[in-house]
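Breakdown of the fold
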Amino acid sequence: IQTFSNIILTAHTDTWKVEIPKALIDDGQNRFTVRVYDLAGNYNETSNGSAYVIADYVNPVVAITAVTPTVNTDYVNGTITVVGNVTESNLASLKYSVYLNNSTTASYTSDDLGKLYNFSQTIDTTKWVTDTTKTPINIVFTATDAAENTGEASTTTYHGKNYTVDQATDKP
């Protein structure tokens, strides 16, 4: 139990705010009780209020479970599908970003895909690579929960290295 005292409100309003240090709030459900005293130190039991606040400090867990189709396990081309899932009780959004040539700047970031706990995202690699230059590609899925915690998974981590886009790998 943490007690905060000597918080003085000087304005006459129905709305007020108290900031409680994050270190004092446990992950999960927390109960807060407010007791209001007048200047003489009196309070009325019936004017006390309680509220429950759920704190979330845990990042969503994103896992990629498949990338198909591949050619000789290391190459992709044309349209591919990335399959995976998100473990999170309060998911707010899921997006993906495409990184080419080992860049740390995304070549493309999707719109919000919504609250997809299980995803199977079709991605057309010809949007970024139209030739046979053997371009390294990494696709990163990022989940954000309602508390704005994020978690991510990448095709590079799933595969152990970048896939390579080569649009000629399965042409006759």
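The rules behind these values
- Residues numbered from 1 in each chain as written.
- Predicted model: local features only at pLDDT ≥ 70, side-chain atom pairs only at ≥ 80, totals over all residues.
- Heavy atoms only, no water.
- Helix = DSSP H or I, 4+ residues; strand = E, 2+ residues; numbered from the N terminus.
- Buried < 20%, exposed > 50% of the residue type's maximum accessible area, 1.4 Å probe, protein only.
- Core = buried A, V, L, I, M, F, W, Y, C linked by side-chain atoms within 4.5 Å.
- Pairing = 2+ DSSP bridges.
- Axes fitted to C-alpha atoms, helices over the stretch in contact; angles between N-to-C directions.

So, about unusual backbone geometry. In this chain, T68 is followed by P69 through a cis amide linkage whose omega measures -15 degrees. Its place among the elements puts P69 in the loop between strand 3 (61–68) and strand 4 (75–76). The residue T73 is not glycine, and still its phi comes out positive at about 60 degrees. Residue placement: T73 occurs in the loop between strand 3 and strand 4. Assessed through its relative accessible area of 52%, T73 is described here as exposed. Within the chain, N102 stands out as a residue other than glycine whose phi angle is a positive 60 degrees. Positionally, N102 belongs in the loop between strand 6 (91–100) and strand 7 (108–109).

Another aspect to go through is the nonpolar core. Membership of the largest hydrophobic core comes to 22 residues, with the highest contact counts inside it found for V82, F119, I137, I139 and F141. At the level of secondary structure, the elements contributing two or more residues to this core comprise strand 3, strand 5 (79–87), strand 6, strand 8 (118–124), strand 9 (135–145) and strand 11 (163–165). Here this core takes 5 residues from strand 6, the largest share from any one element.

A separate point is the sheet that holds strand 5. A sheet is described by the order of its strands in space; here 3 strands give the open sequence 3-5-8, paired in antiparallel fashion. The sheet is open, and its two borders are formed by strand 3 and strand 8, each paired with just one other strand. This sheet shows a mean twist of 25 degrees between the axes of neighbouring strands, independent of strand direction. Relative to strand 5, strand 3 runs antiparallel, the two being bridged by 7 bridges.

Let's shift gears to the pairing of strand 6. For strand 6, the buried fraction is high: 7 of the 10 residues fall into the buried class. Examined bridge by bridge, strand 6 and strand 9 share 9 bridges and lie antiparallel to one another. Bridging from a neighbouring strand, V98 pairs with I139 of strand 9. Where strand 6 meets strand 7, 2 bridges bridge the pair, whose relative direction is antiparallel.

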